[in-house]
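Each chain is listed here by its residues.
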Amino acid sequence: MFPKPVAKLLRNTYEFESKPMVKPTGFREYDARWLFNDEINLMGVQALGMGLGTLLGEMGIKREIVTGHDYRSYSASIKLALATGLMAAGCKVHDIGLAVTPMAYFAQFELDVPAVAMVTASHNENGWTGVKMGAARPLTFGPDEMSRLKEIVLSAAFNLSSGGSYQFHDNFPAIYMADMTNRPKLSRPIKVIAACGNGTAGAFAPKVLEMIGADVIPMDAELDYTFPRYNPNPEDMKMLHAIRDAVLEHGAEVGLGFDGDGDRCGVVDDTGDEIFADKVGVMLARDLSALHPDATFVVDVKSTGLFATDPVLKANGVVADYWKTGHSYIKRRVNALNALAGFEKSGHYFFNKPVGRGYDDGLVSALAILDMLDRNPGKKMSELKNALPKTWGSPTMSPHCDDETKYGVIDKVVKRFEAMKAKGEPVAGQTIVDLITVNGVRVVNEDGTWGLVRASSNKPEMVVVVESPVSEARMREMFHAIDGVLRENPEVGAYNQTI
């Protein structure tokens, strides 16, 4: 009988090596994230594998699963611990080795395997680990599956069937890259900075871009799990500023930045200006809706209001559907609506056919951006950006808030704004004309200025985003108003970055 996991164990003790440790808060809304050795140990990862295999059986899914791991000093050992748990639960494990997350999603199709468990901390700092899971390609788990998985693991209610096995797929990345580049080459060699932050994408992204005919200048593409320059996160201004400097130095047409597990892509234009991912999404929506009129695009609530108001998108018959933030939520919504694409401000893009297979892949996003430039040979990236109606928007800002308290704080914040709207109380000097509460709360003023606050799904943080179509001053007024309500709750700590 495998022991029931406990929430906390001290390192360098007999118990740490003899019992599974799994902190309950690591089970997030749509994936799992823990600080390795502080919140989960290797036996805890084994328990997770046993629980996942048990859940597949409960769901009536064939116990066969793809796994891979990102480039961290500890990820391979975590993946192997997960695999032993999966095999104990009767799963056939297909190991594709070191991989970006979308490579594991691709493997579900290529190997005809129903389930996936990708070991990755995504863009989180070193020390974090996690698993992105799914059992209905191209979808990943949502709250229902994650809640049941949590119950199984924490109660050790495992169904340990016999028949588990393991197969390693040698040089699987070559198959992924061949599929990615089985398409027409660019009509001209677009000069591009491929910035990888020394993360997993460095092994694959520059090569793929070269194979489709781009003139590629790799940047921090050498694998180094210490991440010596900055964390590989294209929402992080430090990474974006480094890409800007490289674009200007080399006279590149565009800079593309990939996150730690390669499922997101950030963009810097030819002038060195960082374009937030939601604005890039509007540009791509313009490009794709010209080819596919009356298309539906799913957009997360953190994203710019331009998806609903841009005159070009309106003329092309675009339907914009604002939905919950989170790669699993947007992916499911894109699938349910058969949308052409889904866009998140974080840089997760989900392209359905004919562009992609419905899951998020930073390289598919990069190719879509280069194709957009290729289809507009007379226009620079900066000109395509400047053709959008002007808005002033913030980066994603995240004040600390413990996992145990963040959802309670959000409930209070939502009620506070609902009370203000009911009383006609102004926010940022204006009346509230709309409150969107599908995911946290998005507060919209009469002039179109808006602010969002929600709980992060994968870290002990809140998420704050503001935008104004009027002025930078209005954007800042909204930020101070949102922050003022947040500060009524002492559980909310310091920001990682602010405007």
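Report on the accompanying structure.

Reading the values: rules and limits
- Residues numbered from 1 in each chain as written.
- Predicted model: local features only at pLDDT ≥ 70, side-chain atom pairs only at ≥ 80, totals over all residues.
- Heavy atoms only, no water.
- Helix = DSSP H or I, 4+ residues; strand = E, 2+ residues; numbered from the N terminus.
- Expected span 1.5 Å × (residues − 1).
- Contact = heavy atoms within 4.5 Å.
- Axes fitted to C-alpha atoms, helices over the stretch in contact; angles between N-to-C directions.
- Parallel < 35°, antiparallel > 145°, perpendicular 65-115°, else oblique.
- Left-handed = near helix turned anticlockwise from the far one by under 90°.
- Nonpolar A, V, L, I, M, F, W, Y, C, P; charged D, E, K, R; others polar.
- Pairing = 2+ DSSP bridges.
- Phe/Tyr/Trp six-rings, centres within 6.5 Å; stacked < 30°, edge-to-face > 60°.
- Lys NZ or Arg CZ within 6 Å of the ring centre and 35° of its normal.
- Core = buried A, V, L, I, M, F, W, Y, C linked by side-chain atoms within 4.5 Å.
- Buried < 20%, exposed > 50% of the residue type's maximum accessible area, 1.4 Å probe, protein only.
- Right-handed = clockwise from strand over helix to strand, strands pointing away.
- Salt bridge = Lys/Arg side-chain N within 4 Å of Asp/Glu carboxyl O.

**So, helix α15 (residues 403-423)**
With 21 residues, α15 ought to run about 30 Å at 1.5 Å a step, and its terminal C-alpha atoms sit 31 Å apart, in line with that. Along its buried surface, α15 packs onto β17 (432-436), β18 (441-445), β19 (450-455), β20 (462-468) and α16 (472-486). One or two steps after α15, the chain reaches G424, where phi turns positive at roughly 75°.

**Focus: the packing of α15 against α16**
The contact between α15 and α16 brings their axes to 10 Å, and the two run at 120°. The angle between α15 and α16 falls in the class oblique. Between α15 and α16 lies a crossing whose hand is right-handed. Across the interface between the two elements, V413, R416, F417 and M420 of α15 pack against I482, V485 and L486 of α16. Here the residues of the contact of α15 with α16 sort into 6 nonpolar, no polar and 1 charged.

**Here we look at the sheet that holds strand β16 (residues 392-393)**
The sheet built from 5 strands is open, its strands ordered β16-β20-β19-β18-β17 with antiparallel pairing. Each edge of the open sheet carries a strand with a single partner, namely β16 and β17. As paired strands, β19 and β20 are joined by 6 bridges and run antiparallel to one another. Among the inter-strand pairings, G451 is bridged to a residue of β20, identified as V466.

**Describing the sheet that holds strand β12 (residues 296-300)**
Spatially, β13-β12-β14-β15 is the arrangement adopted by the 4 strands of the open sheet, whose pairing is mixed. Edge strands, defined here as strands with exactly one partner in the open sheet, are β13 (319-323) and β15 (349-351). The mean angle between the axes of side-by-side strands here comes to 15°, regardless of whether they run parallel or antiparallel. Sheet topology places β12 next to β13; 5 bridges connect them, and they run parallel. Within β13, the position partnered with T296 by the bridge is V319. Set on the sheet, helix α12 (residues 327-337) makes contact with β12, β13, β14 (341-343) and β15; between it and β12 the angle comes to about 165°.

**Re the packing of aromatic side chains**
Using the criterion set out here, one finds 15 aromatic pairs in the structure. An aromatic cluster of three or more residues is present, and its members are F297, F307, F343, Y349 and F351. Taking NZ or CZ as reference, K324 lies 5.1 Å from the ring centre of Y329, over its face.

**What about the nonpolar core?**
Residues L209, L256 and F258 are the most contacted members of the largest nonpolar core, which totals 68 residues. The element that contributes the greatest number of residues to this core is helix α13 (residues 362-375), accounting for 9 residues. Excluding residues within four positions of it along the chain, L256 makes contact with V192, I193, A194, A195, L209, I243, C265, G266, V267, A366 and I369. Listed in part, the 37 residues of the second largest apolar core include V45, L52, L56 and L82.

**Here's the deal with the environment of E404**
Summarising the element assignment, E404 is placed in helix α15. Note on E404: relative accessible area 53%, which makes it exposed. The sequence separation of E404 and T25 amounts to 379 residues, and the corresponding C-alpha distance is 7.3 Å.

**Things to note about the pairing of strand β8 (residues 215-219)**
The sheet contact formed by strand β7 (residues 191-195) and β8 spans 5 bridges and is parallel. The partner of A195 across the bridge, within β8, is M219. Handedness of the crossover is the feature at issue here: the chain leaves β7, passes through helix α7 (residues 205-211), returns alongside β8, and the resulting connection is right-handed.

**What to know about the pattern of salt bridges**
Taken as a whole, this structure holds 37 salt bridges when the rule is applied. Its salt-bridge partner being D403, residue R28 comes within 2.8 Å of it at the nearest N-O pair. Of this pair, R28 sits in the loop between α1 (14-18) and β1 (32-35) while D403 is found in helix α15, placing the two residues 375 residues apart along the sequence. By relative accessible area, which is 13% here, D403 ends up buried. Residues R33 and D31 are paired through a salt bridge, measuring 3.3 Å at the closest nitrogen-oxygen approach. Residue R33 is classed as buried on the basis of its relative accessible area of 2%.

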